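# Close look at the chain arrangement
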Amino acid sequence: MDLRKSSLAAWGIALALNALALSLVFGYAPVERTMGPVQKIFYYHVPSAITAYTLFALAFVFSILYLWKEELRWDALAHTCAEVGWVFITVVLLSGPVWGRGSWGKWWVWEPRLTTALVMWLMYTAYFLLRLFSGHDVRTGRIAAVLAIVATFNIPVVHFAIKWWGSIVHPGKVALEPPMRLTFLVSMAAVLSLGAALALQRYRIGLAEAEKEASL
Amino acid sequence: MTALALIQEAPALQVPDTSKYFTLGYVAILGAIAAYALFLWVRGRRAGKESHGR
């Protein structure tokens, strides 16, 4: 199967799963007693964070492969994963404050999970800006690869921030009722498939642009 | 405590109405993803047109 067909198939799966996930979020998942409907942000907030972590971990692997093999396809894949991961961590940082405002009355609290997530966003914003304004030469590729590798070490810091420093707003472990668990699992699959569809499309565009540059 | 007393106390235990923030949250989530997908679509069309135009 060629890349175009794979991309179309990924979009088909992603749209179907997201239609199902959203119908479960809006019509099936029960309303949580203490927070009310705003708690349902959880069903896309947490999967978006996990999708961002996954894409950043892949960017880490592809960056190492690029530094090792010096093949452009690894750089293109690392760039794709870091950029799409940045979109999902942005979604996390947009939806989190709305959830916070609705449930504890504040848009932002300087607690460990939020602060480290913001640092992560800033690191990948730096990566994104470097790629946007520094052209497509080998030197930029190498600097970007090193930045992506260094930034990945922030993932366990964000994840374990609650365990290491405690948190007033993020619980360490959440027990879910069966309908909530089902909705969460479907949403997880939906957001991951959306990440895959966006990454495939972004990779195809990267290849088309590289072809265009090579022919100039 | 009678059943009536329980019913009268119920409003104090009501689930908070945070539907405004629930809607705002999903507008932000789906809006951000849709904006990026649209950006990719426009960029893809431009890249496709330019490579076909040569």
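Residues numbered from 1 in each chain as written. Chains lettered and ligands numbered in written order. Predicted model: local features only at pLDDT ≥ 70, side-chain atom pairs only at ≥ 80, totals over all residues. Heavy atoms only, no water.

Within chain B one finds two helices and zero strands. Looking at chain B as a whole, 24% of its 54 residues qualify as buried. Summed over its atoms, the accessible surface of chain B is roughly 3900 Å², and 67% of this surface lies on carbon and sulfur atoms. (Helix = DSSP H or I, 4+ residues; strand = E, 2+ residues; numbered from the N terminus. Buried < 20%, exposed > 50% of the residue type's maximum accessible area, 1.4 Å probe, protein only. Areas by Shrake-Rupley, 256 points an atom, 1.4 Å probe, with all protein chains shown as cover.)

What follows covers the interface of chain A and chain B. The interface of chain A with chain B comprises 37 residues on the first partner and 24 residues on the second. Together chain A and chain B conceal approximately 2700 Å² of surface at their shared face, both sides included; 75% is due to carbon and sulfur atoms. Looking only at chain A, the three residues that lose the most surface to chain B are A:P37, A:I205 and A:K212, adding up to 16% of its buried area. Here chain A is connected to chain B by one salt bridge. A salt bridge links B:R43 to A:E209; its shortest N-O distance comes to 2.9 Å. (Contact = heavy atoms within 4.5 Å. Buried area = accessible area lost by both parts, 1.4 Å probe. Salt bridge = Lys/Arg side-chain N within 4 Å of Asp/Glu carboxyl O.)

Atom-level detail of predicted coordinates should not be read off regions where pLDDT is low. Summarising the model, chain A shows a mean pLDDT of 91, and 98% of its residues fall at 70 or more. When the elements of chain A are averaged for pLDDT, helix α6 (residues 154–165) of chain A gives the smallest value, 88, and helix α2 (residues 42–69) of chain A the largest, 96. (pLDDT = per-residue confidence, 0-100.)

On to the side chain of A:T116, then. Residue and element names in this part refer to chain A. The topology assignment puts T116 in helix α4 (residues 112–133). Exposure remark for T116: the relative accessible area of 11% places this residue in the buried category. Ignoring any residue separated from it by four or fewer positions in sequence, one finds T116 in contact with N154, V157, V158, A161 and W165.

Turning our attention to unusual backbone geometry. With a phi close to 60 degrees, A:E70 is a non-glycine residue in the positive phi region. Among the secondary structure elements, A:E70 is positioned in the loop between α2 and α3 (72–104).

Looking now at the packing of aromatic side chains. On inspection of all chains with the given rule, the structure shows 17 aromatic pairs over all chains. Consider the rings of A:F42 and A:W99, whose centres lie 6.3 Å apart with planes at 70 degrees: the pair is edge-to-face. Of this pair, A:F42 sits in helix α2 while A:W99 sits in helix α3, placing them 57 residues apart in sequence. Given the relative accessible area of 15%, A:W99 is considered buried. Ring plane angle 75 degrees and centroid distance 6.2 Å describe the contact between A:W107 and B:Y21, whose orientation is recorded as edge-to-face. Highlighted residues: A:W107 in the loop between α3 and α4 and B:Y21 in helix α2 (residues 19–53), drawn from two different chains. By the ring-pair criterion, three or more aromatic residues cluster together here, those being A:F26, A:Y44, B:F22 and B:Y26. When the ring centre of B:F22 is taken as reference, the NZ or CZ atom of A:K40 above it lies at 6.0 Å. A cation over an aromatic ring shows up here: A:K69 above the ring of A:W68, its NZ or CZ 4.5 Å from the ring centre. (Phe/Tyr/Trp six-rings, centres within 6.5 Å; stacked < 30°, edge-to-face > 60°. Lys NZ or Arg CZ within 6 Å of the ring centre and 35° of its normal.)

This part covers a nonpolar patch on the surface. Residues and elements named next belong to chain A. Where nonpolar side chains cluster on the molecular surface, the patch consists of L67, V146 and V150 and spans about 220 Å² of accessible area. Along the chain, V146 falls in helix α5 (residues 138–152). Residue classification places V146 among the partly exposed positions, given a relative accessible area of 44%. (Patch = residues over 30% accessible without salt bridge, like charges linked within 9 Å, V, L, I, M, F, W, Y side chains within 5 Å.)

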